[in-house]
Amino acid sequence: MPVAGVDVGSVAAKAVILNERTKAVLAHALVPTGWNPRQAGEDALNRACSLAGVERASLTRIVGTGYGRIALPFADKSVTEITCHALGAVHLFPRTGVVLDIGGQDSKAIAVDADGSVQDFVMNDKCAAGTGRFLQVLSGILGMDVRALDEAAACGKPAEISSMCAVFAETEIVGLLAQGAKPEDVAAGVFRSLARRMVSLSRRIACRGECTFTGGLASLPAFVRCLSSELGVAVNVAEQPQNTGALGAALIAAR
Amino acid sequence: MSHSSIERFKTVTDRNVLALQEAKQAGVKVVGQYCIYSPLEMALAAGAVPVSLCGTKNDSIFSAESILPRSLCPLIKSSFGFALEDSCPYLAASDIVVADTTCDGKKKMFELLAERKPMFMLQLPQIQNAPALEYWKEQYESLMRHFEQLFGVVIGEKELRSAIAKANRFRRALKSVLDLARKKPSPLSGMELMEIAHRASFVPDWDKAAELLEDIAREVGASNESPFSASAPRVLLTGVPVGLGSHKVVKLLEDCGASVVCLDNCSCYKKVRLMIDESADPLTALASRYLDMPCAVMSPNPNRYAYLEELASEFRADAVVDLTWQGCQTYDVESWSVKKFVREKLHLPFLQIVTDYSPADTEQLKVRAEAFLEMLR
Ligand code: SF4
Ligand code: SF4
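As the structure is a computational prediction, the values presented were derived from the model and not from experiment.

### A word on the overall build of chain B
Each helix and strand in chain B was counted, giving 17 helices and eight strands. A globule of 377 residues ought to have a C-alpha radius of gyration of about 21 Å, and chain B, at 20 Å, matches this closely. Dimensions of chain B, computed from C-alpha atoms along their principal axes, come out at roughly 60 × 45 × 40 Å. Evaluated residue by residue, chain B yields a buried proportion of 59% over its 377 residues. Looking at chain B alone, contacts between residues at least 24 apart form 74% of all its contacts between residues at least 6 apart. The positive charge centre, built from 44 side chains, and the negative charge centre, built from 49, are 2 Å apart in chain B.

Shown next as structure tokens:
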């Protein structure tokens, strides 16, 4: 019997359909969240169902997660993204001890046990510093999408970015560009400060075992390189890192 | 709150402001106090009524920010905002305000407050040893002289002793209510514990307050009802003061399914641990017991850990949440050591929450609280 996990984040809604018994992924889908989290969750789930060739009605259980988790009327249960990312990451990489996730509006470092249960976690504070939001600001200024930013950063020499506040950084970046800094250097600089922020967040929890990086930014190769060089260790990255939360939710649904 | 003793307590404490005004009209003096280091007994011994002034409301913060930096802790801003707006009836009723040099933000705010209100500053030492105690006792002596002059009274050993007895009776009564939560499941929610402690700190008639609290302890202690199931995770909340208006984290934790069994802070349980030795020399007993209070302004602050260990076991806590007001450096830095202690010595899960009084981050805090409680299951 199939089960589903739906993760409605601030940027995208993700759905994963699992075989309840084998835990094999039957299909996954991603749609932009836009302004209506409920609709986005609905769309992601429907798309995943049709990709998997299963009827919505045949899903035995649906678990919702992400900031829009309470807006999902079809979910049997809602679980936080912390618990879901931890389970998803350990399922993909069984030796994971730490999960790092950079989301659209918050970042988190999670210490996990071998069975995927959360031991400890920390999240960034109130402001957008150190979150994916920060890259959105940069992509707005440079007029590049996030992929293009990653390609640019790959060949840049990191410019010094001191402010991690999304608002002040904007001023700083505009200033750097006005002084003739190259966009690729600015992009590399922003990547580095974002990665450093993540490293200091992760040092607040006791880290052991392998480090798994989840969330949309994990699909940017230059950013992953930057993060692992700042961390001083290699990081595990899944094929679809942004689906980790939805996968964790589906795993709970399969319990 | 369905118990009749609690209803009675609420009805009486709803009239706190009126009762204070009546007492004032009858000639009673009022002493406003902020921190836990200001001895309530001194005001009582002077025949005055001590009231608690710590700001717990978001509303007054906006006006405070016209003078104070926005990045300051909300408790300081809220307190000062009330003074600027003249909107706190207790502050307005205070003939004098007693304050301590605790954290930097607070003592600098008190300098500004002194321009508007008659004040007496107690110079608090930041260490708890013998020379500090001598010095602290001198501070209490000057406060005593000041009250004698200001109120035209004489404070002798007899007055001090009866004030200590009165305050002890009140503390014992409040403690017996707060200790009801040791039972599993707790008969009272953390919100109720917080509200009772908050309301009790404004009752002008201390014996009356003690009676009402004793009734609650008796009635609730005899009942077997609880708003929680036996499996609700029991949370020990430590850190900064929390009162009506600044209770959002208590409410959030309980809305997510926790039972907050003890609030280890100045506004709640720290108050009732202050039992003063009634047989010793009164001034020495007062100075030594008050100086022992564990606030993060103390350096080092060993009693914080000793208390935590005791409370965690007495209240059978499943987890510890450390609340820090944004902009509070002392509690924020100390949280690192508290976390280490809680995880490594007490072997309990730990979560620090940093926030202010505004509801703006409710959703983000909810994720933390829910995830933390999921971790306990
Ligand atoms: S925590 Fe310290 S500074 Fe804050 S109210 Fe209590 S004694 Fe005062
Ligand atoms: S919470 Fe911290 S900053 Fe605020 S008054 Fe208390 S010690 Fe000072």
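### Some points on the overall build of chain A
If you tally the helices and strands in chain A, you get eight helices and 10 strands. Taken over the C-alpha trace, chain A has a radius of gyration of 18 Å; the compact-globule value for 255 residues is 18 Å, and the two agree within 12%. Expressed as lengths along the three principal axes of its C-alpha atoms, the size of chain A is roughly 60 × 40 × 30 Å. Across the 255 residues in chain A, those meeting the buried criterion constitute 57%. Contacts spanning at least 24 positions in sequence make up 65% of the contacts within chain A whose residues lie at least 6 apart. Accessible surface for chain A amounts to roughly 10,600 Å². Of this, 53% is attributable to carbon and sulfur atoms. Here chain A holds 24 positive side-chain charges and 24 negative ones, and the gap between their average locations is 3 Å.

### Looking at helix α7 (residues 104-113) of chain B
Residue and element names in this part refer to chain B. Of all the residues in α7, the buried ones are Gly105, Lys106, Met109, Phe110 and Leu113. In a view along the axis of α7, the buried residues occupy a sector of 135°, so they form one face of it. Looking at the buried residues of α7, the elements they touch are α5 (74-85), β3 (96-100) and β4 (119-122).

### Some details on the pairing of strand β2 (residues 49-52) of chain B
Relative to β2(B), strand β1 (residues 30-33) of chain B runs parallel, the two sharing four bridges. Counted as the bridge partner of Gly32(B) is Val51(B) from β2(B).

### Brief notes about the site of ligand 1
Lining the immediate surroundings of ligand 1 are Cys35(B), Ile36(B), Tyr37(B), Thr102(B), Lys106(B), Pro241(B), Cys266(B), Cys295(B) and Tyr331(B). Its residues placed into classes, the shell around ligand 1 shows seven nonpolar, one polar and one charged.

### Re helix α1 (residues 4-14) of chain B
Residue and element names in this part refer to chain B. Within the sequence span of α1, burial applies to Ser5, Ile6, Phe9 and Thr13. Seen end-on, α1 carries its buried residues on one side only, within an arc spanning 100°. Opposite the buried face of α1, at more than 90 degrees from it, the exposed residues are Thr11 and Asp14. In this structure, the buried side of α1 is in contact with α2 (16-25), α10 (190-200) and α11 (206-222).

### Description of the sheet that holds strand β4 (residues 62-65) of chain A
All names here are of chain A. Strands sit in the order β3-β2-β1-β4-β5 across an open sheet of five strands; the sheet is mixed. Each of the sheet's edge strands pairs with one partner strand only, and the pair in question is β3 (25-32) and β5 (77-78). Two strands pair when backbone bridges link them, and β4 and β5 are joined in this way by two bridges, in the parallel orientation. The partner of glycine 64 across the bridge, within β5, is serine 78. Contacts from helix α1 (residues 37-52) reach β1 (2-8), β2 (12-19), β3 and β4, with the element oriented near 145° to β3.

### A few points about unusual backbone geometry
A cis geometry characterises the amide bond from Lys184(B) onward to Pro185(B), with omega recorded as -5°. Tracing the backbone through its elements, the reader meets Pro185(B) in the loop between α9 (157-178) and α10. With a phi angle near 65°, Lys23(A) is a residue other than glycine that sits in the positive phi range. Assessed through its relative accessible area of 30%, Lys23(A) is described here as partly exposed. Positive phi, normally seen in glycine, also occurs at Asp86(B), with a value near 55°. As for its position among the elements, Asp86(B) is in the loop between α5 and α6 (89-93).

### Concerning the interface of chain A and chain B
Between chain A and chain B, the residue contacts involve 20 residues of the former and 20 residues of the latter. When chain A packs against chain B, the two sides together hide about 1,700 Å² of surface, and 48% of this comes from carbon and sulfur. Applying the counting rule to chain A against chain B returns three salt bridges. One salt bridge in this structure joins Arg343(B) and Asp120(A), with 3.9 Å as the shortest N-O distance.

### Considering the nonpolar core
The biggest cluster of nonpolar side chains holds 150 residues, and the ones touching the most others in it are Phe121(A), Phe147(B) and Leu213(B). With nine residues, the single largest contributor to this core is α9(B). Leave out the neighbours within four places in its chain, and Phe121(A) touches Ile82(A), Ala109(A), Ile110(A), Ile205(A), Leu351(B), Arg368(B), Ala371(B), Phe372(B) and Met375(B). Membership of the second largest hydrophobic core comes to 40 residues, among which are Val122(A), Phe134(A), Leu149(A) and Ala169(A).

### Overview of the environment of Met109(B)
Residue and element names in this part refer to chain B. With respect to the helices, strands and loops of the structure, methionine 109 is situated in helix α7. Remark: the alpha-carbon pair of methionine 109 and isoleucine 67, spanning 42 residues in sequence, is separated by 9.8 Å. Ignoring anything within four residues of it in the chain, the contact list for methionine 109 reads Leu68, Ile76, Ser79 and Phe80.

### Let's talk about the domain arrangement of chain A
Residue and element names in this part refer to chain A. Here the domain parsing of chain A yields domain 1 (2-82 + 244-254) and domain 2 (95-237). Computed over C-alpha atoms only, the centres of domain 1 and domain 2 are separated by 26 Å. Regarding the contact of domain 1 and domain 2, the summed buried area is about 600 Å², with carbon and sulfur atoms giving 71% of it. There are zero salt bridges connecting domain 1 and domain 2. Between domain 1 and domain 2 we count zero residue pairs in polar contact (both at pLDDT 80 or more) in total. The residue inventory of the side of domain 1 that touches domain 2, partitioned by class, reads three nonpolar, two polar and one charged.

What counts, and at which threshold
- Residues numbered from 1 in each chain as written.
- Chains lettered and ligands numbered in written order.
- Predicted model: local features only at pLDDT ≥ 70, side-chain atom pairs only at ≥ 80, totals over all residues.
- Heavy atoms only, no water.
- Helix = DSSP H or I, 4+ residues; strand = E, 2+ residues; numbered from the N terminus.
- Rg over C-alpha atoms; globule rule 2.2 N^0.38 Å.
- Buried < 20%, exposed > 50% of the residue type's maximum accessible area, 1.4 Å probe, protein only.
- Contact = heavy atoms within 4.5 Å.
- Lys, Arg positive; Asp, Glu negative; His and termini not counted.
- Charge placed at Lys NZ, Arg CZ, Asp CG, Glu CD.
- Areas by Shrake-Rupley, 256 points an atom, 1.4 Å probe, with all protein chains shown as cover.
- Arc of directions from axis to C-beta.
- Pairing = 2+ DSSP bridges.
- Near = heavy atom within 4 Å.
- Nonpolar A, V, L, I, M, F, W, Y, C, P; charged D, E, K, R; others polar.
- Axes fitted to C-alpha atoms, helices over the stretch in contact; angles between N-to-C directions.
- Buried area = accessible area lost by both parts, 1.4 Å probe.
- Salt bridge = Lys/Arg side-chain N within 4 Å of Asp/Glu carboxyl O.
- Core = buried A, V, L, I, M, F, W, Y, C linked by side-chain atoms within 4.5 Å.
- Domains from an automatic or database assignment.
- Polar contact = N/O pair within 3.5 Å; in protein donor to acceptor, adjacent residues only side chain to side chain.

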